[in-house]
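Given next are the chains, with one letter for each unit.
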Amino acid sequence: MTNESAVLPARSPLLPDRHPQRDLFVCDIVDAVPKADMASMEHPVFSLSTKPDMRTRRYERGDNWIQIAPSRQGLATVHDRDILIYCISQCIGALNEGRKVSRHVRFKAHDLLVATNRQTSGRGYELLRDALRRLKGTEIETSIRQGGKEHLSAFGLISAFEIVRETRDGRMLDVEITLADWVFDAIENNNVLTLNRQYFFLRKPLERRLYEIARKHCGAQSQWKIGLELLRDKCGSSSTVKEFRRLLGKIIDDDGQHDHMPDYTFLIEEDVVIVRPKKETHQSALPLPLASLRLAPDTHEDARRLAPGWDMHHLEDEWRAWVLEKAISVKDPDKHFLAFCKKRGAYKR
């Protein structure tokens, strides 16, 4: 009798690419480079838990300290951080183009979901709404400085959010958030670092956190060392040192088999973790986005005559998702969108 489990292919530690050959139509900046603020890469601001985390945590290192308190929805998680990375990336992209930015950031929910490799189903929009609530509700008190300013009062990771429009079936279209001073100070003072796009494909919260720490501390150095217990604390893990060693060892073994961790390798020697850059990064391993499916300003007006009663922004999102999902080559976006609207026809109540 054969052992079937012995011949089954190993399960990949990466999430599937939910948007292959996707077009990152991110606000009005095509292919904004993922960036994160350095302070929350340094300190364990986000929870590693995939269930509601109701603990108040305090982390101290030298003269710096940070305390994170949950709302009734729990602490903001590592995956909730995708929203801040998206907004920071957009702002830095605009500054690089010589444009002014604001702490009030507006974006299409669908664009964020695609850019961060999240589900675009109804469940994906529900998870995005929950993430916004946790980001708004999580309170931080800290002595950490951003851009020369010291924050000693409590604040949220975002100050406010508003779902500007929703479709008839309850999915959000436009979202407007107000970034906290702490985050916006990092943008204005360029206290940010570029992330590998494969970050959004890492399945485990601990893998994402380990990558952030390696990116912040190892960078382009030949190696960086840290004590196992200190690394556990910097990750914000509630595991014992023994359990944390096991979890880290599993990630190291998976990376040895799948080479899935971007940019850096990890090695445990006694109670020390050694981080080294990989000789070849995976930055170019992911497909680059297609040219943005931009529409001319008057296209929606023509589309309303072909598909009366529909929300044009909703139809545009559906059309773009369909084009990307089917990997359709679109030579004339306006003509293609109008044909899509004509086929859809009038909205039937």
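Parameters at a glance
Residues numbered from 1 in each chain as written. Predicted model: local features only at pLDDT ≥ 70, side-chain atom pairs only at ≥ 80, totals over all residues. Heavy atoms only, no water. Pairing = 2+ DSSP bridges. Helix = DSSP H or I, 4+ residues; strand = E, 2+ residues; numbered from the N terminus. Axes fitted to C-alpha atoms, helices over the stretch in contact; angles between N-to-C directions. Phe/Tyr/Trp six-rings, centres within 6.5 Å; stacked < 30°, edge-to-face > 60°. Buried < 20%, exposed > 50% of the residue type's maximum accessible area, 1.4 Å probe, protein only. Parallel < 35°, antiparallel > 145°, perpendicular 65-115°, else oblique. Contact = heavy atoms within 4.5 Å. Nonpolar A, V, L, I, M, F, W, Y, C, P; charged D, E, K, R; others polar. Core = buried A, V, L, I, M, F, W, Y, C linked by side-chain atoms within 4.5 Å. Polar contact = N/O pair within 3.5 Å; in protein donor to acceptor, adjacent residues only side chain to side chain. 1 Å grid on protein atoms, 1.4 Å probe; cavity = no way out; pocket = protein on both sides within 12 Å on 5 of 7 lines; lining within 4 Å. Points joined across faces, edges and corners; volume = space filled by probe spheres on them. Salt bridge = Lys/Arg side-chain N within 4 Å of Asp/Glu carboxyl O.

A. Local environment of the sheet that holds strand 14 (residues 224–227). The sheet built from three strands is open, its strands ordered 14-16-15 with antiparallel pairing. Each edge of the open sheet is held by one strand with a lone partner, namely strand 14 and strand 15 (264–269). The sheet shows a mean angle of 25 degrees between the axes of neighbouring strands, taken without regard to direction. Pairing geometry for strand 15 and strand 16 (residues 272–277), over six bridges, is antiparallel. Considered in strand 16, the bridge of Glu269 is made with Val272.

B. Region of interest: the packing of aromatic side chains. Counting across every chain of the model gives six aromatic pairs. Note on Phe155 and Trp182: the rings are 5.7 Å apart at their centroids and 50 degrees apart in plane angle, and the pair reads as tilted. Here the residue Phe155 occupies a position in strand 10 (residues 155–156), and Trp182 occupies one in helix 5 (residues 181–188), the gap between them amounting to 27 residues. Here Phe155 and Trp182 have matching classes, each one buried. Centre to centre, the rings of Tyr211 and Tyr264 are 6.2 Å apart; their planes meet at 50 degrees, and the pair counts as tilted. Placement of the pair is Tyr211 in helix 6 (residues 205–217) and Tyr264 in strand 15, with a sequence separation of 53 residues. Judged by its relative accessible area of 1%, Tyr211 falls in the buried class.

C. Region of interest: the sheet that holds strand 7 (residues 139–142). With antiparallel pairing, four strands are arranged side by side in an open sheet as 4-5-7-10. Each edge of the sheet is formed by a strand with only one pairing partner; in this case those strands are strand 4 (57–61) and strand 10. Where strand 4 and strand 5 (residues 64–69) come together, five bridges link them in antiparallel fashion. Paired with Arg61 across the strands is Asn64, a residue of strand 5.

D. Local environment of the pairing of strand 14. Covered by surrounding structure in strand 14 are Trp224 and Ile226 only, the residues Lys225 and Gly227 on the alternate face being uncovered. Inspection of the sheet shows strand 14 paired to strand 16 by four bridges, in the antiparallel sense. From the neighbouring strand, Ile226 faces strand 16, where its bridge partner is Val273.

E. Representation of the packing of helix 6 against helix 8 (residues 241–258). Packing of helix 6 against helix 8 leaves a shortest axis separation of 11 Å and a crossing angle of 85 degrees. In terms of orientation, helix 6 lies roughly perpendicular with respect to helix 8. Side by side, helix 6 and helix 8 meet where Leu206, Glu207 and Leu210 of the first sit next to Phe244, Leu247, Leu248 and Ile251 of the second. Grouping the amino acids of the contact of helix 6 with helix 8 by side-chain chemistry returns six nonpolar, no polar and one charged.

F. Representation of the nonpolar core in the model. Counting 70 residues, the largest nonpolar core has Leu157, Ile177, Leu179, Leu210 and Leu231 as the members making the most contacts within it. The element contributing the most residues to this core is helix 2 (residues 81–96), with eight residues. Listed in part, the 12 residues of the second largest apolar core include Met312, Val323, Phe337 and Phe340.

G. View of the side chain of Arg232. Position of Arg232 relative to the elements: it lies in helix 7 (residues 228–235). Since its relative accessible area comes to 15%, Arg232 is described here as buried. Here Arg232 is in contact with Ser237, Ser239, Thr240, Val241 and Phe244, once residues within four sequence places are set aside.

H. Local environment of the environment of Asp37. The residue Asp37 is located in strand 3 (residues 35–37) in this model. Overall, the relative accessible area of 2% leaves Asp37 in the buried class. Among the polar contacts made by the side chain of Asp37, one reaches the side chain of Ser40 at a distance of 2.6 Å.

I. Focus on the layout of surface pockets. Considered as a void within the structure, the largest pocket measures approximately 540 Å³ in volume. Split into classes, the residues belonging to the lining of the largest pocket amount to five nonpolar, nine polar and 10 charged. Roughly 290 Å³ of internal volume is contained in the second largest pocket. For the lining of the second largest pocket, the elements supplying multiple residues, two or more each, are helix 6 and helix 8.

J. Inspection of the pattern of salt bridges at higher detail. Summed over the entire model, instances satisfying the criterion amount to 28 salt bridges. Of the charged contacts in the structure, one is a salt bridge between Arg118 and Asp82, with a shortest N-O distance of 3.1 Å. Of the two residues, Arg118 is situated in the loop between helix 3 (109–115) and helix 4 (122–137) and Asp82 in helix 2; the sequence distance between them amounts to 36 residues. For the pair shown, Arg118 and Asp82 are each scored as buried. Here Asp181 makes a salt bridge to Arg103, at a shortest N to O gap of 2.6 Å. Of this pair, Asp181 sits in helix 5 while Arg103 sits in the loop between helix 2 and strand 6 (104–108), and the two are 78 residues apart along the sequence. Note on Asp181: relative accessible area 43%, which makes it partly exposed.

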